[in-house]
Structures are given as structure tokens and as C-alpha cells.
Amino acid sequence: GKAANGVKGQTREFVTIGVQQTYYSTPESSQYDTSYASAFRGRRLVALSPIALSARVSPSSRIDANTRVEYDVSGLGLQVWTVGSTMSAGRSSTNLNFSRRHLTSTATPDTYLSSSTSLSSPNGHYAGSYALDWDITRSRIVSQRMMGSYMAQCCGLQVDFQKFNFPNLGAGYPVRSDRRINFSLVLAGLGSFSNFVGAFGNTVR
């Protein structure tokens, strides 16, 4: 890159656009293609996958945005749309993602919003983060996670709290919600030791 004030610049990705479609000689393969979020076991067998359009924009090192669309050419139309962005400033960062899936003409579309944010102290000793997954279609919070840590030169302590709300999947999945808390001790050069005082949980059936 061009030098400024005696410092050589760096090459950075600004815009990336991709288009993808797959032909299957065996239509059954369309149900298991992990390249597409719209692929699932039991979907209609087709020789052509949806057209996937993806785009990523990064106007600065602090902002990144991306989107992906999957359009089914066999008549189902728009099946998947996701859009997300990551923003950072100093020692904090925030991520926000929106997704919508409509896999069959008779199914109710699934719409989700997920977000996470993290923050650390100037000296790096303290750090915390919070993450949330929200099922907009069913108006419920699927999961929440809070993490906090204190790190010194020799060791550190981490606390992780998680709460899950599971969908009603029938008699085989009787658990409706679950709460978990975990403590970890981190020793320099040795890694982390989880559950050194035991993990605590609360399950609701």
C-alpha cells in the first residue's frame, strides 16, 4: 500500500461478492450439501441447488458487514436471508446478526436475531461479555450467556453463566429450560481448569 508518514500501508479487503450454484448428478445429494443453509434431509429432490449470493463490506478495520441470500430456482423462491455486522472501538466490540429461513411453502418462516458484546479494561485484567439469541417468530429468548474474567500475570479466574430455553420437541425432549454456571481457574503456561469447585445447574421440565 501507499506509505504515509514513513509507515507503509497494508492491503485490506473492502468489498467481496460471490455467486454460487451447484448441479447434482444425484439429486439426493441436494439434501446434504453443507454449502447451503437451505439444504435439509427431506427437502424436495432437485438437480440444481438454490442460487447463493453473498456479499461482505469492510469500509474500515472497525466495521464489517455481510449478507447472504439463497434463492430456490425450482419454485420455492427466497429461502434464506442473513445479514450481520461487527463493530469494534478500542477494547469493546459488538456483533449483530439477523436471519430468516423459509424452507418449504407450507412451513412458518423462522426468524432469529443474535447479538453479542464484549468489553475489557485498559490494562486487560478484567473482561466481560454478553450474548443473546432471540427467536422472533415465537417471541422468545432462546439463550443468554454472560462471561466475566480476571487475569493476572500468573493466573486468572473465569465465570460463565448460561441460560437456555429449548423448543417443545415432544415427549422425547422433556426439558424446557436449563441454567448453568461454570468456574474456571487459569494458570499461566498450563491452561484452564474448569469446574474446580463443581458446576451448578438448574433444569426445568
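Okay, so let's go over this structure. Just so you know, these numbers come straight off a predicted model, no measurement behind them.

With respect to the environment of Leu103
Moving on, step 1. Relative to the helices and strands, Leu103 resides in the loop between strand E5 (92–101) and strand E6 (110–120).
Moving on, step 2. Put simply, Leu103 and Gln79 are 24 residues apart on the chain and 5.4 Å apart in space, counted from C-alpha to C-alpha.

Concerning the pattern of salt bridges
Moving on, step 1. In this structure the tally under the stated criterion is ten salt bridges.
Moving on, step 2. Between Asp135 and Arg138 there is a salt bridge whose closest N-O contact spans 2.9 Å.
Moving on, step 3. When its relative accessible area of 45% is taken as the criterion, Arg138 is described as partly exposed.
Moving on, step 4. In this structure, Asp160 engages Arg145 in a salt bridge whose closest nitrogen and oxygen atoms are separated by 2.6 Å.

A closer look at the pairing of strand E8 (residues 140–151)
Moving on, step 1. Two strands pair when backbone bridges link them, and strand E7 (residues 126–135) and E8 are joined in this way by ten bridges, in the antiparallel orientation. Following the sheet pairing, Ser129 is matched in E8 by Met147.
Moving on, step 2. With antiparallel pairing between neighbouring strands as the criterion, E7 and E8 make up a hairpin whose turn holds four residues, including Ser139 at a positive phi of roughly 55°.
Moving on, step 3. Where E8 lies against strand E9 (residues 155–165), nine bridges are found, and the strand directions are antiparallel. Residue pairing across strands places Ser143 opposite Phe164, the latter belonging to E9.
Moving on, step 4. The turn linking E8 back onto E9 is made up of three residues.

Thoughts on the packing of aromatic side chains
Moving on, step 1. In the structure shown here, the tally under the stated rule is two aromatic pairs.
Moving on, step 2. On the numbers, 5.4 Å between centres and 65° between planes, the contact of Trp81 with Phe98 is edge-to-face. A residue pair is termed long-range when its members are at least 10 positions apart, and Trp81 in strand E4 (residues 77–89) and Phe98 in strand E5 qualify at 17 residues.
Moving on, step 3. Taking 4.9 Å as the distance between ring centres and 50° as the angle between the ring planes, the aromatic pair formed by Tyr126 and Tyr150 counts as tilted.

What counts and how
Residues numbered from 1 in each chain as written. Predicted model: local features only at pLDDT ≥ 70, side-chain atom pairs only at ≥ 80, totals over all residues. Heavy atoms only, no water. Helix = DSSP H or I, 4+ residues; strand = E, 2+ residues; numbered from the N terminus. Salt bridge = Lys/Arg side-chain N within 4 Å of Asp/Glu carboxyl O. Buried < 20%, exposed > 50% of the residue type's maximum accessible area, 1.4 Å probe, protein only. Pairing = 2+ DSSP bridges. Phe/Tyr/Trp six-rings, centres within 6.5 Å; stacked < 30°, edge-to-face > 60°.

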